[in-house]
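Read off the chains here:
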Amino acid sequence: MTDFTKTRAAFDLPQGITYLDGNSLGPMPAAATRRVARMMAEEWSQMLITGWNKAGWYVQPRKVGDRIARLIGAGAGEVVMGDTLSIKVFQALSAALALRPDRRVILSDSGNFPSDLYVAQGLARAMGATLRVVAPEEVEAAIDDNLAVLMLTEVDYRSGRRHDIAALTARAHAAGALAIWDLAHSAGAVDVDLLGADADFAVGCTYKYLNGGPGAPAFIWTHPRHAEAAEPILQGWMGHAAPFAFDQEYRPAPGIERMRVGTPPVIALTALDAALDVWDGVSMADLRARSVELTEAFISGVEVNCPELRLASPRDPAMRGSQVGFRHPHGYAVMQALIAGGVIGDFRAPDILRFGFAPLYNDLDDVARAVDVLARVLRDGNWDDEVFHQKAAVT
Ligand SMILES: *Cc1c(COP(=O)(O)O)cnc(C)c1O
């Protein structure tokens, strides 16, 4: 059994705060400070440029990738770190389109995060493709034989609605298309099984449920069957077969290494590596069970105590990730009052109060406190929009 008391103790959480926003920015594991300080003092300061080999900076994107692979049902040597998620979306999508040269339709859904859609729009323009966007529940029916690539985010950033990766990937494959999965709100939150689902590409960020810190690098996974065929359009020297030969011509590195672009963010990767220590000994099945326990307790607590809120997330936990949304017409102001009361969630336009539950550090006491403060805020009516807009203007 995973010891969630131990994982919670690994975080430096501010006193008196109930943090339900780890789906946006995970809190800091105490070990990250020490690890980064040591890296600066012993590696950067003393090794200077030799740190690339001596301290293993050069191979760090793959080594950290291997640690993430375990959390998303991928194999060792299949994941590499670097850049930001938006850039990894670009790489996966451009590589997937190139693998289906006779087809030019990309399908996504309106619940996707805007940046993914923006990247797809730009890429569609450059590669002469068309981006089709349908409602999340219409995705399955929209898959047809013209489709080149199905590109979806598993867990909706607003509602927490969860797509079935295995079922939709199978539908895409049956139509001759490839499937790319964005795991931004899945990695470290739900039990992802990329190999089991037979997905083609996956990408994700590490500053949400993986607690890598603001601006932590993204990851990309390629199914081994595409690893030697995928051709990233964004090709840089660190993804070259022989970066230090300084050839004039690009030749892709073997396997997932070709998805590297330029110099990796070593300091950020060091903080992330320390954050991943917390995952040692965590079973993803236990994580998922704990996440369902927390979100179920929160939903029932809110529905009993705050009848004016409307659930914006699927009621069935099987259809939901590790976050819960509730609608309120004055959602922004309610969330500001909640934050002032020590419970940090966030607001997503137009009217969603969003709460992320991270089993590594959230517990049933957090759920009870959040429900209490939320009920008090709503009862007191202390969420006047005017007041909070004025407040925002002076701070
Ligand atoms: C958080 C998130 C992003 C953010 O991308 P960055 O390039 O890291 O800023 C992109 N896509 C999805 C689905 C997200 O949830």
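Before reading on, note that the structure itself is shown above.
This is a predicted model, so every value here is computed, not measured.

Chemist: Go over the pairing of strand E3 (residues 105-109) with me, naming the residues and quoting the values.
Modeler: For E3, a buried count of 4 out of 5 residues is recorded, marking the element as mostly surrounded by other parts of the structure. Relative to strand E4 (residues 130-134), E3 runs parallel, the two sharing 5 bridges. When the bridges of E4 are listed, Leu-107 appears paired with Arg-132. Across 3 bridges, E3 lies against strand E5 (residues 147-153) in parallel orientation.

Chemist: Quick rundown of helix H11 (residues 284-305)? Include the residues and the values.
Modeler: In a regular helix each residue adds 1.5 Å, so 22 residues correspond to 32 Å; H11 covers 31 Å between its end C-alpha atoms and thus fits that length. Restricting attention to buried positions, one finds in H11 the residues Met-284, Asp-286, Leu-287, Arg-288, Arg-290, Ser-291, Leu-294, Thr-295, Phe-298, Ile-299, Gly-301 and Val-302. Its buried side turned inward, H11 meets helix H1 (4-9), helix H4 (60-71), strand E9 (310-311), strand E10 (323-327), strand E13 (352-356) and helix H13 (364-380). For H11, the side-chain oxygen to backbone nitrogen distance between the N-cap and Ala-285 is 3.3 Å, and the N-cap itself is Ser-283.

Chemist: Give a description of the packing of helix H5 (residues 85-99) against helix H6 (residues 114-127) that names residues and reports values.
Modeler: Following both chains from N to C, one finds H5 and H6 inclined at 40°, their axes separated by 9 Å at the closest point. When the axes of H5 and H6 are compared, the pair comes out oblique. You can see that H5 and H6 cross each other, and the crossing is right-handed. Between H5 and H6, the residues in contact are Ser-86, Val-89, Phe-90, Leu-93, Ser-94, Leu-97 and Ala-98 and Ser-115, Asp-116, Val-119, Ala-120, Leu-123 and Met-127, respectively. Partitioning the contact of H5 with H6 into residue classes produces 9 nonpolar, 3 polar and 1 charged.

Chemist: Let's hear about the nonpolar core: which residues, and what values?
Modeler: By size, the foremost hydrophobic cluster in this structure holds 50 residues, and its most contacted members are Ile-72, Leu-150, Leu-183, Leu-194, Phe-219, Trp-279 and Leu-360. Inspection of this core shows a minimum of three residues originating in each of domain 1 (4-28 + 283-388) and domain 2 (58-279). Ignoring anything within four residues of it in the chain, the contact list for Leu-150 reads Leu-107, Val-139, Ile-143, Leu-168, Ala-172, Leu-178, Ala-179 and Ile-180. Ranked by size, the runner-up nonpolar core spans 31 residues in total, among them Ala-148, Met-151, Leu-178 and Phe-201.

Chemist: Which residues make up unusual backbone geometry, and what values do they have?
Modeler: Most peptide bonds adopt trans geometry, and most residues besides glycine take a negative phi value. Residue Ala-349 is joined to Pro-350 through a cis peptide bond whose omega torsion reads 5°. Looking at where Pro-350 falls in the secondary structure, it is placed in the loop between strand E12 (346-348) and E13. Notably, Leu-48 is not glycine yet its phi reads approximately 50°, a positive angle. You can see Leu-48 is positioned in the loop between helix H2 (30-47) and helix H3 (51-54). For Asn-211, which is not a glycine, the phi torsion comes out positive at approximately 60°. Residue classification places Asn-211 among the buried residues on the basis of a relative accessible area of 3%.

Reading the values: rules and limits
Residues numbered from 1 in each chain as written. Predicted model: local features only at pLDDT ≥ 70, side-chain atom pairs only at ≥ 80, totals over all residues. Heavy atoms only, no water. Buried < 20%, exposed > 50% of the residue type's maximum accessible area, 1.4 Å probe, protein only. Helix = DSSP H or I, 4+ residues; strand = E, 2+ residues; numbered from the N terminus. Pairing = 2+ DSSP bridges. Expected span 1.5 Å × (residues − 1). Contact = heavy atoms within 4.5 Å. Polar contact = N/O pair within 3.5 Å; in protein donor to acceptor, adjacent residues only side chain to side chain. Axes fitted to C-alpha atoms, helices over the stretch in contact; angles between N-to-C directions. Parallel < 35°, antiparallel > 145°, perpendicular 65-115°, else oblique. Left-handed = near helix turned anticlockwise from the far one by under 90°. Nonpolar A, V, L, I, M, F, W, Y, C, P; charged D, E, K, R; others polar. Core = buried A, V, L, I, M, F, W, Y, C linked by side-chain atoms within 4.5 Å. Domains from an automatic or database assignment.

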